[in-house]
Amino acid sequence: MIKFAGVSKEFKEGVTAKRVKALVNLSLEIEQGEIFGFLGPNGAGKSTAIKILINLIYPDSGQATIMDTDVGDKNVRRFVGYLPENPYFYDYLTAEELLWFGGKSSGMAKDEILERSNLLLDKVQLLEARKRPLRTYSKGMVQRAGLALALIHNPKVVILDEPMSGLDPIGRKMVGDIILEIKGEGKTVFFSSHILSDVERFCDQIGIIVGGRLRRTSSVADVLKHGETLEDVFMREVHAAGLKEVR
Ligand SMILES: Nc1ncnc2c1ncn2[C@@H]1O[C@H](COP(=O)(O)OP(=O)(O)OP(=O)(O)O)[C@@H](O)[C@H]1O
């Protein structure tokens with residue numbers, strides 16, 4: 001469903017143009033209907049992988065595909081929903097307008113947009129606030145509006161970059177419940193997170209990346225079956241990679 005095949009990406013950083021290997025030969029497959037949690041310390045390469053998936057940046061080598069289609073193909077956009085890490089929208093838009101523009105740019109019909117908007121705004125508990133400009137929203141409300149926007153066109157694949165960050169426990173539960181509901185609809189969810197307890201609760205599979213290199217993939221059930229927590233496994237992989245890989 002989602003596939004990285006030997007994807008590498010390097011950046012030149014700062015005035016010294018020092019090269020940073022953000023991703024090194026990443027190969028990874030996520031099956032349809034799975035919730036995949038992408039874990040790694042700061043700077044590990046998670047957002048880089050996500051940006052490649054949504055075709056915001058291009059790999060130096062290798063290929064990323066969604067439903068066997070290269071992510072550069074413009075048709076992919078129709079079946080992918082994306083929530084960036086710290087979403088930022090035009091301040092004067094209301095949530096209702098945001099979803100309207102999102103639906104329009106996905107080619108949805110008016111009635112369909114209105115129906116889906118109402119459903120989603122209700123789900124993320126923004127129905128009452130839907131006519132307020134986004135600049136009056138709290139961080140959690142903006143995050144929830146972003147999630148509704150990612151889902152407006154009923155995508156088959158949902159990619160979320162740290163969807164729980166900045167949310168209080170109530171907001172995290174709400175987002176978690178929505179992720180589980182999406183899974184119930186047979187959709188595939190790829191999300192990055194630093195909140196290991198959430199990952200343990202919501203994910204089927206995990207991947208741990210350190211210093212641009214994928215260290216381990218595993219089912220959450222397998223980790224727990226061996227009496228370990230995700231934190232144990234995470235810390236072990238980070239230490240095994242060595243401090244120089246943590247950036
Ligand atoms: N546009 C860029 N220019 C230069 N370096 C970059 C750029 N984007 C990312 N990097 C570097 O690539 C590495 C991977 O960054 P990335 O944002 O993918 O990590 P991350 O795992 O998402 O981190 P975090 O958990 O902090 O969000 C880091 O060393 C980062 O500084």
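As recorded in an unreviewed UniProt entry, the protein chain goes by the name ABC transporter related protein, listed as coming from Geotalea uraniireducens.

**Some points on the UniProt feature "domain: ABC transporter" (unreviewed entry) in the protein chain**
Summarizing the sequence annotation, UniProt attributes the feature "domain: ABC transporter" (unreviewed entry) to residues 2-236 in the numbering used throughout. The distance from the first to the last C-alpha atom of residues 2-236 is 27 Å, and the span holds 35% helix and 28% strand.

**A short note on the pairing of strand β8 (residues 188-192)**
Counting buried residues in β8 gives 5 out of 5 residues, a clear majority hidden from the surface. Residue alternation in β8 divides its side chains into two sets, Thr188, Phe190 and Ser192 and Val189 and Phe191, and both sets are buried. Relative to β8, strand β3 (residues 35-39) runs parallel, the two being bridged by 4 bridges. Along β8, the bridge assignment pairs Phe38 with Ser192. The pairing of strand β7 (residues 157-161) with β8 spans 5 bridges and is parallel. Pairing of Val157 across the sheet is with Thr188, part of β8.

**Some points on the packing of aromatic side chains**
For the coordinates displayed, the defined rule picks out 5 aromatic pairs. Aromatic pair Phe36 and Phe38: ring centres 6.0 Å apart, planes at 40 degrees, arrangement tilted. Residue Phe36 is classed as buried on the basis of its relative accessible area of 1%. One aromatic cluster in this structure is built from Phe4, Phe36, Phe38 and Phe190.

Definitions and limits used
Throughout, residues of each chain are indexed from 1 in the direction in which the sequence is written. Predicted model: local features are reported for residues with pLDDT of at least 70 only, side-chain atom pairs are reported and counted for 80 or more only, and whole-chain, interface and lining totals are derived from all residues. Water and hydrogen atoms were dropped before computing side-chain values, which therefore reflect all heavy atoms in the structure. UniProt positions are given in the numbering used here, feature names are shortened, and annotations may be inferred rather than shown by experiment. Every helix listed is a DSSP run of H or I at least four residues long, and every strand listed is a run of E at least two residues long, numbered separately from the N terminus. Summary of the burial criterion: residues with accessible area below 20% of their type's maximum are buried, those above 50% are exposed, and those between are partly exposed, where the area comes from a 1.4 Å probe applied to protein chains only. For two strands to be treated as a pair, DSSP must find at least two bridges joining them. Any two of the Phe, Tyr and Trp rings considered here, Trp counted by its six-membered ring, make a pair once their centres fall within 6.5 Å; the pair's planes then place it as stacked at under 30 degrees, edge-to-face at over 60, or tilted in between.

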